[in-house]
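# What the coordinates show
Each chain, written out:
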Amino acid sequence: EAIMVRVRRLVEGYTVSGLPLLLNNDSSTSSLSKVDQYEVKVPPSKLVVGIANGWGDGLKFCKVGPSAVRLAYESTLAEYGEGFLGVMFWTIEEEGKGGDGGDDD
């Protein structure tokens, strides 16, 4: 359920305020300008969920198993008609360090 809370928040959107934003996708005519509010939405087809794997310690990183990822994907598919794009390791530089059975320390 923790993954789905985050998926819903990103897919359904949230508002940011007071940031300098590029207002035009054409870089030749774009300008940075402050806007009062901007709504950020990420469609599931462009969403990659960041998770820890075997080195998740339950304190700094939440360990997420394959069945939880599958359930979140299936829930996203059921709710939005498409699953999220994929998953990645949230802290890539920590991959292979301690607790995952790998050779690196």
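The text that follows walks through the structure, step by step, so that each part is easy to find. (Residues numbered from 1 in each chain as written. Predicted model: local features only at pLDDT ≥ 70, side-chain atom pairs only at ≥ 80, totals over all residues. Heavy atoms only, no water.)

Further remarks concern helix α2 (residues 66–80). Compared with the 21 Å implied by 1.5 Å per residue over 15 residues, the 21 Å span of α2 between its first and last C-alpha is a close match. Inspection of α2 places V69, A72 and T76 among the buried residues, and these make up the whole buried set. In a view along the axis of α2, the buried residues occupy a sector of 60 degrees, so they form one face of it. With respect to the buried face of α2, the exposed residues turned more than 90 degrees away are P66, S67, R70, L71 and A78. (Helix = DSSP H or I, 4+ residues; strand = E, 2+ residues; numbered from the N terminus. Expected span 1.5 Å × (residues − 1). Buried < 20%, exposed > 50% of the residue type's maximum accessible area, 1.4 Å probe, protein only. Arc of directions from axis to C-beta.)

Residues of helix α1 (residues 2–12) that are buried: I3, M4, V7 and V11. Buried residues of α1, seen end-on, are gathered within an arc of 90 degrees and therefore sit on one face of the element. Residues of α1 that are exposed and point over 90 degrees away from its buried face: R6 and R9. Buried residues in α1 make contact with β5 (48–51) and α2. Positive phi appears at G13, one or two residues downstream of α1, with a value of about 100 degrees. (Contact = heavy atoms within 4.5 Å.)

All right, on to the nonpolar core then. Core analysis: the biggest nonpolar cluster contains 11 residues, these being I3, M4, V7, V11, L47, V49, I51, V64, V69, A72 and F84. When contributions to this core are tallied by element, the ones reaching two or more residues are α1, β5 and α2. The greatest single-element share of this core, amounting to four residues, is contributed by α1. Ignoring sequence-local partners within four residues, the contact set of L47 consists of V7, L10, V11, V42, F84, L85 and G86. (Core = buried A, V, L, I, M, F, W, Y, C linked by side-chain atoms within 4.5 Å.)

At a minimum axis distance of 10 Å, the contact between α1 and α2 shows a crossing angle of 35 degrees. Note that α1 runs across α2; the crossing there is right-handed. On α2, the residues touching I3, M4, V7, R8, V11 and E12 of α1 are A68, V69, A72, S75, T76, E79 and Y80. Its residues assigned to classes, the contact of α1 with α2 comprises eight nonpolar, two polar and three charged. (Axes fitted to C-alpha atoms, helices over the stretch in contact; angles between N-to-C directions. Left-handed = near helix turned anticlockwise from the far one by under 90°. Nonpolar A, V, L, I, M, F, W, Y, C, P; charged D, E, K, R; others polar.)

On the surface, a cluster of nonpolar side chains totalling about 270 Å² of accessible area is made up of V48, L85 and M88. On the basis of relative accessible area, M88 is assigned to the partly exposed category, the value being 38%. (Patch = residues over 30% accessible without salt bridge, like charges linked within 9 Å, V, L, I, M, F, W, Y side chains within 5 Å. Areas by Shrake-Rupley, 256 points an atom, 1.4 Å probe, with all protein chains shown as cover. Salt bridge = Lys/Arg side-chain N within 4 Å of Asp/Glu carboxyl O.)

By themselves, these are just geometric observations and shouldn't be taken as functional.
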